[in-house]
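Read off the chains here:
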Amino acid sequence: MVSFLRSLSTSRTLRRLCRTLQPHLLNPGDLIDISDRALASVNVGGRITRLIYRKSDGRRVSFPPNTRGFLYFHHVPQTPLTTGQIRFRITSENDPFNFHLGKDLTMDVNRHFPWTIPLSTISKPSFAPLKDLLLQEGLVDDASFNIFPAKSRKVSRSLHYLEQPFIVDLSHVSTPIPVVTPHAMGVVRIFKLLVDHRNQESYSPYRGRLLLRFERSTLPEHARNTILVIRVIKVLEPITLSRPDYDMHVPLPIEGRLLEKSLKGLDSRVEGKRLLTINVDSPTLRNCWQDLRLLVGAEKLEKDINA
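Reading guide: rules and limits
- Residues numbered from 1 in each chain as written.
- Predicted model: local features only at pLDDT ≥ 70, side-chain atom pairs only at ≥ 80, totals over all residues.
- Heavy atoms only, no water.
- Helix = DSSP H or I, 4+ residues; strand = E, 2+ residues; numbered from the N terminus.
- Buried < 20%, exposed > 50% of the residue type's maximum accessible area, 1.4 Å probe, protein only.
- Contact = heavy atoms within 4.5 Å.
- Pairing = 2+ DSSP bridges.
- Axes fitted to C-alpha atoms, helices over the stretch in contact; angles between N-to-C directions.
- Arc of directions from axis to C-beta.
- Phe/Tyr/Trp six-rings, centres within 6.5 Å; stacked < 30°, edge-to-face > 60°.
- Salt bridge = Lys/Arg side-chain N within 4 Å of Asp/Glu carboxyl O.
- Polar contact = N/O pair within 3.5 Å; in protein donor to acceptor, adjacent residues only side chain to side chain.
- Core = buried A, V, L, I, M, F, W, Y, C linked by side-chain atoms within 4.5 Å.

Novice: Where do I start with the overall build of the protein in this structure?
Specialist: A tally of helices and strands in the protein yields five helices and 18 strands. The buried share of the protein, taken over its 307 residues, is 43%. Of the contacts formed within the protein by residues at least 6 apart in sequence, a portion of 60% connects residues at least 24 apart.

Here's what the structure looks like:
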């Protein structure tokens, strides 16, 4: 019986063939079905690669029902090759001609983040079959992998450019977000993003998850320096108060608007609120923001090259 089940599992794996990662070269035989699988084995060039599925909050679960479609390489032309990633395009039928009508598998019900295998993950030995296929098809080059250290941390949700969206859970004290540019790697730590500092106490008054992005400030008073602000793109989970009687001293995050913070002064007569800003040029820039300079520098280099 055990031998039969093992043979059945091997047979299914052999049917999950990945022969190309280029949508225009796909044929019906490249469709794979990994529905409801906790660990999906795929045959890539005669070698096995195992795929897993995580929700946007990091929980590992089985692939959703009806996860049938094609693996393919996704890269936005205006961004560095290091932003490239493998995605899974779900289609209603096995005809690659209808590839463009499908939807990418996502990590949450709100479809804000696609399921991906980034180059940082593909650079690891366990994904060698996919790496070799990418190189063989000329979709990436060796330099695209060389930036990732042999024992690099997981960077599946990394920032590659300044205005790239990212998720923050307000109940977490710190959220580390890896930064990957064509020439360097680092980590931005979203540390105590919205914190009330009154009465010699520091605490986060809000709970919830936000989709955010960094932006350059366009205010005239910020023109002489590189000042970043943070925009709330979407409220992913309703914001609640950690203390029922909170007086909104730290302004509530509002979808579509920039984050604000209250002045730290203890003088209750000070009512002014101000934007949460990050002066990237400042010599006293907090350590948690230091690697934002990598994104600003990569943006400037790209503009200089295209000038």
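Novice: Explain the sheet that holds strand 18 (residues 277-279) here, please?
Specialist: Strands pair in a sheet through their backbones, by hydrogen bonds, and they do so in one of two ways: parallel or antiparallel. The sheet built from four strands is open, its strands ordered 11-14-15-18 with antiparallel pairing. Looking at the sheet topology across the chains shown, the edges are occupied by strand 11 (166-169) and strand 18. Pairs of neighbouring strands in the sheet enclose a mean axial angle of 30°, with direction left out of account. The pairing of strand 11 with strand 14 (residues 206-216) spans four bridges and is classified as antiparallel. Across the sheet, D169 pairs through a bridge with R209, a residue of strand 14.

Novice: Sorry, what's going on with the sheet that holds strand 3 (residues 40-44) here?
Specialist: An order of 1-3-4 is seen for the three strands of this open sheet, with the pairing classed as mixed. Each edge of the open sheet carries a strand with a single partner, namely strand 1 (17-18) and strand 4 (47-51). Taken together, the two bridges between strand 1 and strand 3 define a ladder with parallel strand orientation. Considered in strand 3, the bridge of L17 is made with N43. The strands that helix 3 (residues 128-136) touches are strand 1, strand 3 and strand 4; relative to strand 4, the one it contacts most, it runs at about 110°.

Novice: Looking at this model, I keep getting lost on helix 3. Mind explaining?
Specialist: Along helix 3, the positions that sit buried rather than exposed are P129, L130, L133 and L134. Buried residues of helix 3, seen end-on, are gathered within an arc of 135° and therefore sit on one face of the element. Where helix 3 ends, the next residue or the one after it, G138, has phi of about 70°, a positive value.

Novice: Explain the pairing of strand 7 (residues 68-74) to me, please; I cannot follow it from the model alone.
Specialist: Two faces make up the sheet, and in a regular strand the side chains alternate between them. Extensive coverage of strand 7 is indicated by the burial of five of its seven residues. Here strand 2 (residues 32-33) runs beside strand 7; their pairing, made up of two bridges, is antiparallel. Considered in strand 7, the bridge of I32 is made with G69. The pairing of strand 7 with strand 8 (residues 85-90) spans six bridges and is antiparallel.

Novice: Looking at this structure, how should I read the pairing of strand 15 (residues 227-241)?
Specialist: Relative to strand 15, strand 14 is paired through 10 bridges, and the arrangement is antiparallel. When the sheet's bridge partners are listed, Y206 is paired in strand 15 with L241. Bridging between strand 15 and strand 18 involves three bridges; their strand directions are antiparallel. Considered in strand 18, the bridge of I227 is made with N279.

Novice: Would you mind showing me how to read the packing of aromatic side chains here?
Specialist: Aromatic ring pairs: the centre-centre distance and the angle between the two ring planes describe each pair. One pass over the structure, following the stated rule, counts seven aromatic pairs. For the pair Y53 and F63, a centre-to-centre distance of 5.4 Å together with 40° between the ring planes defines the contact as tilted. Of this pair, Y53 sits in strand 5 (residues 53-54) while F63 is found in the loop between strand 6 (60-61) and strand 7, placing the two residues 10 residues apart along the sequence. Like F63, Y53 is buried. A ring pair is formed by Y203 and Y246, whose centres lie 6.2 Å apart and whose planes are at 85°; its orientation type is edge-to-face.

Novice: So what exactly am I meant to see when it comes to the pattern of salt bridges here?
Specialist: When the charged atoms of two side chains lie near each other, side chains of opposite charge can form a pair. Counted under the stated rule, the structure contains eight salt bridges. With its nearest N and O atoms 3.6 Å apart, the salt bridge here joins R68 to D33. Of the two residues, R68 is situated in strand 7 and D33 in strand 2; the sequence distance between them amounts to 35 residues. R231 is the partner of E215 in a salt bridge, and the nearest nitrogen-oxygen pair spans 2.7 Å. Of this pair, E215 sits in strand 14 while R231 sits in strand 15, placing them 16 residues apart in sequence. We classify E215 as buried; its relative accessible area is 9%. Three or more residues are tied together by salt bridges with common partners; here these are R87, R89 and D104.

Novice: Please explain the side chain of N43 as it appears in this structure.
Specialist: Here N43 shows up in strand 3. Given the relative accessible area of 9%, N43 is considered buried. Within the local environment of N43, its side chain forms a polar contact with the backbone nitrogen of G46, the two atoms lying 2.9 Å apart.

Novice: How do you make sense of the nonpolar core when you look at a structure like this?
Specialist: For soluble globular proteins, the rule of thumb is that nonpolar side chains tend to be buried together. Core analysis: the largest hydrophobic core is formed by 34 residues, its most contacted members being L21, L51, L71, W115 and L134. Breaking this core down by element, the ones donating at least two residues are strand 3, strand 7, strand 8, helix 2 (119-122) and helix 3. The next biggest cluster of nonpolar side chains, apart from the first, holds 31 residues, and it includes L162, L194, Y206 and L285.

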